[in-house]
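These are the residues of each chain, in order.
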Amino acid sequence: MITAKLQEPLLSELSQAGKQAYTLRKSSIKEYHKNLDGKFTRTDVDLPELSEVEVVRHFTRLSTKNYGVDTGMYPLGSCTMKYNPKINEDIAAKEGLAYSHPLFGEEQAQGSLEIIYTLQELLKTITGFSHITLNPMAGAQAELAGILITRAYFEDKKEKRHTILVPDLAHGTNPASAALGNFKTQEIKCGKQGILEASLVEQYMTNDIAALMITNPNTLGLFEEEILKITKIVHDHGGLVYMDGANLNALLGITKIAPMGVDLMHINLHKTFSTPHGGGGPGAGPLCVNEKLSPYLPIPLVTKNGTTYSLITETKKSIGRMGLFQGNFGILVRALTYILSLGNENIKKVSEAAIIAANYIKEHLKNDYHLPYTKDCMHECIFTDKFQKENGVTTLNIAKSLLDYGIHPPTVYFPLVVSGALMIEPTECESKRNLDHFISVMKELAADAKTNPDKLKNAPRETPVKRVDEVNAVKNLVLTWKKIIS
Amino acid sequence: MKYIPLTENDKKEILAELGKKNTADLYKNIPSELILGKPLDIPNAMSEDELHEYFNALASKNTSTKDTLSFLGAGSYDHSIPSIVNHLSGRSEFYTSYTPYQPEISQGTLQALFEFQSMIAGLFSMDVANASMYDGAMAAAEAVLMAHRISKKTTVLLSEGIHPHVRETIKTYTRGLLELDTLPIHKDKGITDHTTLTKKLNDSVACVVVQYPNFFGSIEELEEIRKLTPHTLLVTVTLEPTSLGLLKGPGECGVDIACGEGMSLGIPLQFGGPYVGLFTAKEEYVRQMPGRLIGLTKDADSNRSFCITLSTREQHIRREKATSNICTNQSLCALRVAIYLATLGKQGLREVAQQNYDNAHYAYDRLTAIKGITTLFHNNAHFFNEFGIAIRKEKNELFSLLKQKRIFPGFICPELSTKDSTSLIVNVTEKHSKEKIDYLIETMKKVME
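Note that the coordinates shown come from a computational prediction; the quantities given were computed from them, not determined experimentally. (Residues numbered from 1 in each chain as written. Chains lettered and ligands numbered in written order. Predicted model: local features only at pLDDT ≥ 70, side-chain atom pairs only at ≥ 80, totals over all residues. Heavy atoms only, no water.)

(A) Structural context of the sheet that holds strand 14 (residues 411–412) of chain B. All names here are of chain B. Sheet architecture is open: 4 strands sit in the order 11-12-15-14, paired in antiparallel fashion. Strands at the two margins of the open sheet, each flanked by one partner only, are strand 11 (373–375) and strand 14. Most of the contacts of helix 11 (residues 331–367) go to strand 12 (residues 386–392), to which it runs at about 15°, and overall it touches strand 11, strand 12 and strand 15 (421–427). (Pairing = 2+ DSSP bridges. Helix = DSSP H or I, 4+ residues; strand = E, 2+ residues; numbered from the N terminus. Contact = heavy atoms within 4.5 Å. Axes fitted to C-alpha atoms, helices over the stretch in contact; angles between N-to-C directions.)

Next up, the structure:
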């Protein structure tokens, strides 16, 4: 679409005094506000003035500059950019759900509470845990909840433990959450096979380690084969095992999590359970725990007595409240819709198709791109730019070149332990035709890197803007339009 | 399965090509004792018709503001949402996109978030705003942590006029790190007691936190508080940002960090979420801010463009040294707020704020004229669209009668209720026409008088 390439003015530039894009009821109530003491009132509100059609065109034009899952393939590793079913949106918009006030009281919210309770039960079945909270509003907030539960658990046991063990493969949120919960972090390196080695965990385990945070499958797309040994070692030393469930899309119906010896795990509903990423949220991060950690779960809790659902807002040992109300309810509705759409007959097919697709890509690109870990992968595979670098072409160049083919790049330069990583997660939502297309484009880029490296270095060409200068953004910091004008 | 485009035949061909007998062959390195032998015990797949029927039945068990007369606020406000907010934010290029780490194909999200930051900073009269937090309570907790990072001090003075859920969230986020002390409410005025505030200030105080307008609807005297706290960081929490269409922005009053909840600006009630945390600060503190920031820059052809900036504060770069652990935020809700503010604009937001103020004061005048109903704060001349009343207890059948008529007169506040009276925080917005307010008054009058 041509509008994608045209520069869209800022709202402040489109603004013209006296325009309006709204209608309000004419009020017959006296103008009390005129009596409000001038020391409280402002003289001007710094907002633009536009007509309705101008607002509509502005945001519609902006949307054409965006790439979404509905636009095309989005193989972002560890982000699970799967299709966001349309019916999820319709269900969440139902009046009884979208216009329910969070403080109407239990009696007036039996439908909402039943939705939360039902999703809790389904996620417990899927993961094998006995307890869960759906309050955390994102994966990182669930991690923080998990870390605070870990603290509360050891305080209760009167044990002083100060350190969380975090593999070098972990997502950045893991060490950041540990630090936010006032723990030190100790990094632990993955082994030559790309997995965490039990013998190394044994060396690090002391009575100061409160928990190990592990992602399984890990961010190399490999199942942590020594998980049973690892969790036993941690438990033998009195520690807890936290699992980052970002990669749960590889495990649905294949394996349960709790029996791995995991004590706590979060799930990203906006990854595995199809709720939209929304350009960076809102998501939701349910946190599953086992029996012994259940007293510390954040409030409120949703329970069922007979046929009635209730909201428990006080428990003796809870770590407390994590937000205004009971989490991102609208996202929970979408995830429940998705699980019920899949049903028991399809849920395992999701993970199986995701695994097949990732291995298919891995097999077909292994001669064109350096594959640091050769064994079968789970739902994502990792390549590097080692071969291309010989011609001065980097992972960034490959990523930006994909944009010119209408494909969103894989996750790049992560995990940090793999130099120039390209982390590809096709998800279960791509047809064979699309997978083949992606493979052929990647092969073409590998060939171009040898014969015409400048083509890659100067990419992208076809996007709404050319390569964006991120360094300049930091150097000349402009975070509001007011700053431009002044 | 309609969401999985790979056919059985495709899978067979791929597996054969990979030299595998079946899919399980691809994950045979998973220890066998961890493999599930049987299908998960979850219900059978539902069709779209069945899903609608199932959720219609659940939705009908809920009360919604569409079929009741509700004066409930207390952190979640029922305002009019222009039709275009749903239509524009429902464009799938927006809602099916990822965090804009690839700016060349994310200019839509990035420019919209830059505009969101600009309008929120403007509304709060602050220098900078971030691209959103989870919600108002979590934003407040992060604001307190930021004040601690800046001041290196450990005592936090929290006004009792802050929503109890916000105070509880701050407690959760700061446990073991910071000391929280409360600033009581002046019993007559319904705002933070200035005398106690002055007494409690000392060298260990990291910040003073008040809600503006506060939980009881009263307008805190920010300029006064600023004068009393010249050497301490001042943090405000605004859960009802439509008030800023009428009231001075926190920045005008010298506030250092102003955060809040943005659901009033175009986001439906949805049983409490997803909402959107607003976070603004003075520019000098920008490097201590949590969350994403969108900055202006240029592309290789020197065309104006936008990208995520100052990422070195964030967890994906800085890991355990990041200013926060936040990754996913509430982008789509921020987009809704941007569309809402662009729609209402300078004049519209002012009118919304004025109508809220007028309607609430009309309801207040009429309610407190009813026998057996008194104001909660006798010297409280200044509130926005919420206010507290006390209802004599012997008339407690009032609440069941109102419920029968599907009227929710406000948020019952147990902490402020006494043995003789029930305390209610009443919220009135532009959605409450004079007729609706009059209906509430007449119904209450019949019982009370």
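On we go.
(B) Structural context of the interface of chain B and chain A. Across the contact, 191 residues belong to chain B and 198 residues belong to chain A. When chain B packs against chain A, the two sides together hide about 17400 Å² of surface, and 62% of this comes from carbon and sulfur. Our count for the contact surface shared by chain B and chain A stands at 13 salt bridges. Between E168 of chain B and R321 of chain A there is a salt bridge, and its shortest N-O distance comes to 3.1 Å. In this structure, the connection of chain B to chain A is made through 98 residue pairs in polar contact (both at pLDDT 80 or more). Counting residues per element, the side of chain B that touches chain A draws most heavily on helix 11 of chain B, which supplies 26 residues. Split into classes, the residues belonging to the side of chain B that touches chain A amount to 85 nonpolar, 60 polar and 46 charged. (Buried area = accessible area lost by both parts, 1.4 Å probe. Salt bridge = Lys/Arg side-chain N within 4 Å of Asp/Glu carboxyl O. Polar contact = N/O pair within 3.5 Å; in protein donor to acceptor, adjacent residues only side chain to side chain. Nonpolar A, V, L, I, M, F, W, Y, C, P; charged D, E, K, R; others polar.)

(C) Fine view of the pairing of strand 3 (residues 155–159) of chain B. Residues and elements named next belong to chain B. Strand 3 sits mainly inside the fold: 5 of its 5 residues count as buried. Alternating residues of strand 3 divide into T155, L157 and S159 and V156 and L158, and every residue in both groups is buried. For strand 3 and strand 4 (residues 179–183), the ladder comprises 5 bridges, and the chain directions are parallel. In the sheet register, L157 faces strand 4, and the bridge partner there is D181. (Buried < 20%, exposed > 50% of the residue type's maximum accessible area, 1.4 Å probe, protein only.)

(D) Structural view of the pattern of salt bridges. This model, assessed by the stated rule, comprises 47 salt bridges over all chains. Of the charged contacts in the structure, one is a salt bridge between E155 of chain A and R175 of chain B, with a shortest N-O distance of 2.5 Å. Taken together, the residues span two chains, with E155 of chain A in helix 6 (residues 139–156) and R175 of chain B in the loop between helix 7 (164–174) and strand 4. For E187 of chain A, the salt bridge goes to K189 of chain A, with nearest N and O atoms at 3.6 Å. You can call E187 of chain A partly exposed: its relative accessible area is 41%. Salt bridges sharing partners connect three or more residues here, namely R366, K434, D438 and E442 of chain B.

(E) Layout of the domain arrangement of chain B. All names here are of chain B. Examined at the domain level, chain B breaks down into domain 1 (69–79 + 346–448) and domain 2 (83–341). Placing the centre of domain 1 and that of domain 2 at their C-alpha centroids yields a distance of 28 Å. Of the residues lining the interface, 28 residues belong to domain 1; the matching set on domain 2 comes to 28 residues. Together, the buried faces of domain 1 and domain 2 total about 2300 Å²; carbon and sulfur atoms form 65% of this surface. (Domains from an automatic or database assignment.)

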